[in-house]
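Structural overview
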Amino acid sequence: MTVQNSDKTPSRKQRLQEKQRRQLAVVDTVDKAEVKVRKAEAELAVAVAEAVQVFGDERSASEALDMPVEAIRRFVVIATNEAALADAANAAGKS
C-alpha cells in the first residue's frame, strides 16, 4: 500500500528547473544593473569633463571635486570615448 501525499516533494527535474529559473533571474538582474552603472558612469564622465573645462585643468577640478587626478583623467577619457561613439553613430545615421 502506498501513501498518497498531497504535499509531494518536487522531482529532481522540478528542483533543477526552479534553480535554473532563479539563476537566470539573478543574471538578468545583474545585467540590468550593469547597464545602469555604465549609463551613470558615462553621465558622471561628462560632468567631470565639464568640470575640467570650468575649473581650467585636471588638477583644479580634482581639488574642487575632491577626486584624485587619476579618476579625473579616467572620466575624461570615458567622456571623450562616449563623444566619439556618439559622433560615429550620428555620421553612420546620415549616410
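Quick caveat, the model's predicted, so the values are computed rather than measured.

Together, Val54, Phe55 and Leu65 line one region of the surface with nonpolar side chains, adding up to about 270 Å² of accessible area. With respect to the element layout, Leu65 can be found in helix α2 (residues 58-65).

With that out of the way, let us pick up the nonpolar core. Ala45, Val48, Ala49, Val52, Ala61, Met67, Ala71, Ile72, Phe75, Ile78 and Ala79 form the largest nonpolar core, which has eleven residues in total. When contributions to this core are tallied by element, the ones reaching two or more residues are α1 (12-55) and α3 (69-94). Sorting elements by how many residues they give to this core places α3 first, with five residues.

Attention shifts here to the packing of aromatic side chains. Applying the stated rule across the entire model yields zero aromatic pairs. Above the ring of Phe75, the side-chain terminus of Arg74 is found at 4.6 Å from the ring centroid.

A few words on the environment of Asp31. Topologically, Asp31 is positioned in helix α1. Here Asp31 falls in the partly exposed class, since its relative accessible area comes to 39%. Residues Asp31 and Gln20, eleven residues apart in the sequence, show an inter-C-alpha distance of 16 Å.

The phi torsion at Asp66 lies on the positive side, around 55°, for a residue other than glycine. On the accessibility criterion, Asp66 (72% relative accessible area) is exposed.

Closest axis-to-axis distance for the α1/α3 pair is 8 Å, and the angle between their directions is 110°. Overall, the two elements α1 and α3 adopt an arrangement that is roughly perpendicular. Here Glu41, Ala42, Leu44, Ala45, Val46, Val48, Ala49 and Val52 of α1 lie close against α3, whose contacting residues are Ile72, Arg74, Phe75, Val76, Ile78, Ala79 and Glu82.

Conventions adopted
Residues numbered from 1 in each chain as written. Predicted model: local features only at pLDDT ≥ 70, side-chain atom pairs only at ≥ 80, totals over all residues. Heavy atoms only, no water. Patch = residues over 30% accessible without salt bridge, like charges linked within 9 Å, V, L, I, M, F, W, Y side chains within 5 Å. Areas by Shrake-Rupley, 256 points an atom, 1.4 Å probe, with all protein chains shown as cover. Salt bridge = Lys/Arg side-chain N within 4 Å of Asp/Glu carboxyl O. Helix = DSSP H or I, 4+ residues; strand = E, 2+ residues; numbered from the N terminus. Core = buried A, V, L, I, M, F, W, Y, C linked by side-chain atoms within 4.5 Å. Buried < 20%, exposed > 50% of the residue type's maximum accessible area, 1.4 Å probe, protein only. Phe/Tyr/Trp six-rings, centres within 6.5 Å; stacked < 30°, edge-to-face > 60°. Lys NZ or Arg CZ within 6 Å of the ring centre and 35° of its normal. Axes fitted to C-alpha atoms, helices over the stretch in contact; angles between N-to-C directions. Parallel < 35°, antiparallel > 145°, perpendicular 65-115°, else oblique. Contact = heavy atoms within 4.5 Å.

Functional significance is not addressed by these values, which are geometric in nature.
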